[in-house]
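So you can see what is in the structure, the chains are spelled out below.
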Amino acid sequence: MREFQIVGVGYSCVDMICMVDDYPVENSSTHITSRITQGGGASATAIVAASRLGSECAFIGNLGNDMVSDECIRMFKEEGVCTDYLIKRDDCFGLESFVMVDPKSGSRTKFPQRDFNPPILWTEELRDVIRNCSVVHLDGTHYENALNAAKIAKEYGVTVSLDGCSMQTDNEKNIALATLADILIMNSKYPLRVSGKSTYNDALTEMSKWGRKKIVGCTLGEDGSKFLIDGEVVDFPSFKAPKVVDTTGCGDVFHGSFLSAYVSGMDLASCIRFASATASCKCAVPGGRAGIPDRKTVLKMIGE
């Protein structure tokens, strides 16, 4: 069986990205000035980023027998991501997401389709894919899929990476999944809500005690990121984006590029700088994937 460095399990969709005159208030309207279609999804875009940066990657998930599912597969293949473990089922459907981008600020408002597909059936073949990889990366959108993938990875001693972005109403479920993560990198909302703490420093310190964490941190957009290193919370600045057109997918790209650097043997601080630079480059192009740079471009940006 082919061995992969990073295997993704999570939300994969087709993004309809619309540039608008401005974002309207409720019960009003605006004009769409342009529209593009790209692949999307937190874990899926992270895996695409890692693949474009040179890592061997695969994605596991359920898809349907429809055009949207076919497009998801095509987009993965274009990026060199192995799609052998995307299972097409009659009781599943391809997912779509609509993203409205304000060109004045590059901010985006998302309308992702909820994943009501049945859970993954973890055959021996799929379990072996996880057993033979270095890192399994999850986004927690489909909770049962994420939880089962994390448990399988733990059985085999495989590193579990969790994008702390999608939260369940029952916070005990969030805690259970976060506890299984070896690498827990979260968005700005997740650590405070899930930990119950009022500051990021307290939240990261508390969550580092859940399970056997290797890395705990959170991303804060243009304000950079915070990571717990040797028991202390360290602030890392963001790289100034050369041009901000669209921030869609920046967090996902951060995760994928961080993991690509991690599996290549970089130390933690270098992984964070590498990920920050990659996410910054992505902002210059609309959509979550089109602007992801190659490894040479990122290394040049950080002066290596």
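Structure first, text after, so check above.
Here's a quick rundown of the structure. Everything numeric here is computed off the predicted structure, so don't read it as measured data.

Further remarks concern unusual backbone geometry. Non-glycine residue Asn27 carries a positive phi angle of around 65°. Checked against the element boundaries, Asn27 lands in the loop between strand S2 (13-20) and strand S3 (32-40). Asn27 gets classed as exposed once you look at its relative accessible area, which sits at 81%. The phi torsion at Asp230 lies on the positive side, around 55°, for a residue other than glycine. Mapped onto the elements, Asp230 comes out in the loop between strand S12 (225-229) and strand S13 (232-236).

In this section: helix H7 (residues 200-207). Listed in full, the buried residues belonging to H7 are Ala203, Leu204 and Met207. Each buried residue of H7 sits inside an arc of 95° when the element is viewed along its axis, so together they form one side. Close packing links the buried residues of H7 with strand S10 (183-186), helix H6 (190-195), strand S11 (215-219), S12 and S13.

With that settled, the discussion passes to the sheet that holds S10. The mixed open sheet is built from nine strands, whose spatial order is S5-S4-S1-S8-S9-S10-S11-S12-S13. The open sheet terminates on both sides in strands that have one partner only, identified here as strand S5 (86-88) and S13. Neighbour-to-neighbour, the strand axes of the sheet open up by a mean angle of 20°, direction not taken into account. Across five bridges, S12 lies against S13 in antiparallel orientation. By the bridge assignment for S13, Phe227 is matched with Val234. Packing of helix H9 (residues 268-282) onto the sheet brings it into contact with S11, S12 and S13, and relative to S12 it is tilted by some 170°.

Conventions adopted
Residue positions within a chain follow its written sequence, with the count starting from 1. Where local features are concerned, this predicted model is filtered to residues with pLDDT of at least 70; where side-chain atom pairs are given and counted, the filter is 80 or more; whole-chain, interface and lining totals use all residues. The side-chain quantities take in all heavy atoms of the structure and omit both hydrogens and water. Note on conventions: DSSP H or I runs of at least 4 residues are helices, E runs of at least 2 residues are strands, and numbering of each starts at the N terminus. Exposed residues in this analysis have more than 50% of their type's maximum accessible area, buried residues have under 20%, and partly exposed residues fall in between, with area computed by a 1.4 Å probe over protein chains only. Arc definition: directions from the helix axis to the C-beta atoms. Only heavy atoms enter the contact rule, under which two residues are in contact if any of them lie within 4.5 Å. Only strands that DSSP links by at least two bridges are regarded as paired with each other. Axis lines are fitted through C-alpha atoms, for helices just across the contact stretch, and the angle between N-to-C directions can take any value from 0 to 180 degrees.

So, to be careful, I would describe these as geometric facts and stop short of saying anything about function.
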